Amino acid sequence: PTPQTSSKAVFVASRSRPQVPALAAAAAIQRDDALLEAHVRSVAAQRALRAQLAAAGLVAFVGDGAVLARRAGNDDRPMANARAFDAAACGARRVALDYGGVRTNGLGLPTGISLICGGGFHGKSTLLQALQVGCYDKVPGDGRELCVCDADAVKVRAEDGRSCGGVDISPFIGDLPLRPPGSTKSFSSPDASGSTSQAAAIVEALEAGASTLLFDEDTCATNFMIRDGRMARLVASSAEPITPFVRRARQLADENGVSSILVLGGTGDYFDVADCVVVMEGFAPRDATADAKAIAADDRRNAPAAPADRFVFGDRAPRPCVANGRTGAKAVGSFSYGDNNEVDVSCVEQLVELGQTQACCAAIATAAKALMPRGLSTRALLAALDAEIDARGLDAVQAEGRRDGDLARPRRHEIAAALNRVRTATFGTGTA
């Protein structure tokens, strides 16, 4: 409309069918109702399947017939001729849940600690990669519609070189050389190591409300995950500041209600603390819990000792960090937050779509002006953002007068992960 056109005239014109261009009219009214209905039914069935997990005592489920393998690292379509998932050899771990009104058998991973073991190239990481996107609904034909996970499951990993701001990593990392005593209760670094970055990733995930943690040994810091018995004899405990995750995992599950799913192929140290052990053989799962427990009972020399202290960490509050220039994302793995401030989120593996990264950037920019000045803790700030998005949609995180049409909603966990990687972000003590 021209500036002289009244709002009433525009409204009347928009209702007049002949004045709508033919192509626009066709795009608006022509659709395949059968495909639309199939899509809606599939999403509804996946959400219903995910909703059954807690009542069944599970954090993940993979149904028989699912196709987990992808065509390529840059092609997320199902692999042609891939072996369909079959939990027939999973014994008591094979459970039945309802999917679209049909009882469907599959592998159920219980709350607590689950290990996915096996030889190289047998499908361990393929299974975990399917689980880490099990918090999202899939389009029909994806192959992973029957693979669901706890909606608050977070993949954590080591990330050498990332920045950390005021994170309490003391449950995992004690006093460090050349740093003041107690400094890991508020650990900051522009260049974190593998172990400190992974410790920070866990605490940050819990701070955002994660209830299940996902690990793949290929992307973890070995010295953070385990402490070898021979190395313990060579390097005295007094000279080792790291409390490995194997000593905290059981405590996190029993005292904090946080489950863990770990892909392991090179260590059996977690057999002692595991609730469930699945071995992948030729992309097929087998319940090996009894075998793993028998092996652990035969060799107690390296059984991990539980730490005497409880797992607690302090609350943080993000301080206002208004961008000093343009913001936005052009790729899934990074976004600009002001001039000369590129934020690397390539290791935040549950960011799967460019629109999510754009929305994370917009949410941080909005929170820096509207929420961070209130001194809210990270968890309270994320809850406030969620409430605003629930009420107003993704318009809630956009600047006044701006309405981008290509945003996709991220979870609070990805917003938190993005914020924690902004190098200009700083943190203080939070309030509820």
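Everything below is about the structure shown above.
Conventions used here
Residues numbered from 1 in each chain as written. Predicted model: local features only at pLDDT ≥ 70, side-chain atom pairs only at ≥ 80, totals over all residues. Heavy atoms only, no water. Pairing = 2+ DSSP bridges. Helix = DSSP H or I, 4+ residues; strand = E, 2+ residues; numbered from the N terminus. Axes fitted to C-alpha atoms, helices over the stretch in contact; angles between N-to-C directions. Buried < 20%, exposed > 50% of the residue type's maximum accessible area, 1.4 Å probe, protein only. Phe/Tyr/Trp six-rings, centres within 6.5 Å; stacked < 30°, edge-to-face > 60°. Lys NZ or Arg CZ within 6 Å of the ring centre and 35° of its normal. Polar contact = N/O pair within 3.5 Å; in protein donor to acceptor, adjacent residues only side chain to side chain. Expected span 1.5 Å × (residues − 1). Parallel < 35°, antiparallel > 145°, perpendicular 65-115°, else oblique. Left-handed = near helix turned anticlockwise from the far one by under 90°. Contact = heavy atoms within 4.5 Å. Nonpolar A, V, L, I, M, F, W, Y, C, P; charged D, E, K, R; others polar. Core = buried A, V, L, I, M, F, W, Y, C linked by side-chain atoms within 4.5 Å.

1. Quick look at the sheet that holds strand β5 (residues 102–110)
And then number 1: Read across the open sheet, the four strands follow the order β4-β5-β1-β7; overall the sheet is antiparallel. Since the sheet does not close on itself, it has two edges, and those belong to β4 (94–99) and β7 (147–149), each with one partner. Taking the axes of each pair of neighbouring strands and ignoring which way they run, one obtains an average angle of 35° across the sheet.
And then number 2: Note: strand β1 (residues 58–63) against β7, three bridges, orientation antiparallel. Note on β7: the bridge partner recorded for alanine 60 is cysteine 149.

2. Topic: unusual backbone geometry
And then number 1: At phenylalanine 121, a residue that is not glycine, the phi angle is positive and equals roughly 70°.
And then number 2: Tracing the backbone shows phenylalanine 121 in the loop between β6 (113–118) and α4 (124–132).
And then number 3: The backbone of asparagine 340 shows a phi angle near 55°, a positive value even though the residue is not glycine.
And then number 4: Following the sequence through the fold, asparagine 340 ends up in the loop between β17 (334–337) and β18 (342–344).
And then number 5: Residue asparagine 340 is classed as exposed on the basis of its relative accessible area of 85%.

3. What about the packing of aromatic side chains?
How two aromatic rings sit relative to each other is given by the distance of their centres and the angle of their planes.
And then number 1: Applying the stated criterion to the full structure yields five aromatic pairs.
And then number 2: Ring geometry for phenylalanine 215 against phenylalanine 245: centres 4.6 Å apart, planes inclined by 40°, an arrangement best described as tilted. Taken together, the residues phenylalanine 215 in strand β11 (residues 212–216) and phenylalanine 245 in helix α8 (residues 245–256) connect sequence positions 30 residues apart. Note on accessibility: phenylalanine 215 and phenylalanine 245 belong to one class, buried.
And then number 3: Taken together, a centroid distance of 6.2 Å and an interplanar angle of 75° make the contact between phenylalanine 311 and phenylalanine 313 edge-to-face.
And then number 4: Residue placement shows arginine 316 over the ring face of phenylalanine 427; its charged tip is 3.9 Å from the ring centre.

4. Remarks on the side chain of threonine 289
And then number 1: Examined against the element boundaries, threonine 289 turns out to sit in helix α9 (residues 289–298).
And then number 2: Here threonine 289 falls in the buried class, since its relative accessible area comes to 10%.
And then number 3: Side-chain polar atoms of threonine 289 contact the backbone nitrogen of valine 277, separated by 2.9 Å.
And then number 4: A polar atom in the side chain of threonine 289 sits 2.7 Å from the side chain of aspartate 287.

5. Here we look at helix α5 (residues 194–207)
And then number 1: Between the first and last C-alpha of α5 there are 20 Å, a value that for 14 residues agrees with the 20 Å anticipated at 1.5 Å per step.
And then number 2: For α5, a buried count of 14 out of 14 residues is recorded, marking the element as mostly surrounded by other parts of the structure.
And then number 3: Downstream of α5 by a residue or two, glycine 209 has a phi angle that is positive, lying close to 100°.

6. Comments concerning the packing of helix α11 (residues 378–392) against helix α12 (residues 412–420)
And then number 1: Following both chains from N to C, one finds α11 and α12 inclined at 125°, their axes separated by 10 Å at the closest point. Here α11 is positioned oblique relative to α12, judged by the angle of their axes. The element α11 and its partner α12 pack so that their crossing is right-handed. Each of Arg379, Leu382, Ala383, Leu385 and Asp386 in α11 lies in contact with α12, whose residues at this interface are Arg412, Ile415 and Ala416.
And then number 2: Residue composition of the contact of α11 with α12, by class: five nonpolar, no polar and three charged.

7. Here's the deal with the pairing of strand β12 (residues 259–263)
And then number 1: Along β12, five of the five residues are buried, which leaves the element largely enclosed by surrounding structure.
And then number 2: Across the two faces of β12 the burial is the same, with Ser259, Ile261 and Val263 and Ser260 and Leu262 all buried.
And then number 3: When β6 meets β12, the two strands line up parallel, connected through four bridges. Across the sheet, residue isoleucine 116 finds its bridge partner in β12, namely valine 263.
And then number 4: In this sheet, β12 lies alongside β11 in parallel orientation, the contact comprising five bridges. Paired with leucine 214 across the two strands is isoleucine 261, which belongs to β12.

8. Let's talk about the pairing of β11
And then number 1: Counting buried positions along β11 gives five out of five residues, so the element sits mostly inside the fold.
And then number 2: Both faces of β11 are covered, namely the face carrying Thr212, Leu214 and Asp216 and the face carrying Leu213 and Phe215.
And then number 3: Pairing between strand β8 (residues 153–155) and β11: three bridges, direction parallel. Across the sheet, residue lysine 155 finds its bridge partner in β11, namely leucine 214.

9. Re the nonpolar core
And then number 1: Within the largest apolar cluster, 48 residues are counted, with the highest numbers of intra-cluster contacts made by Leu115, Leu213, Phe245 and Tyr270.
And then number 2: The set of elements that each furnish at least two residues to this core consists of β6, β9 (164–167), α5, β11, α6 (222–225), α8, β13 (276–281) and α9.
And then number 3: With seven residues, α5 is the largest single contributor of residues to this core.
And then number 4: Listed in part, the 36 residues of the second largest apolar core include Cys360, Leu371, Leu376 and Ile389.

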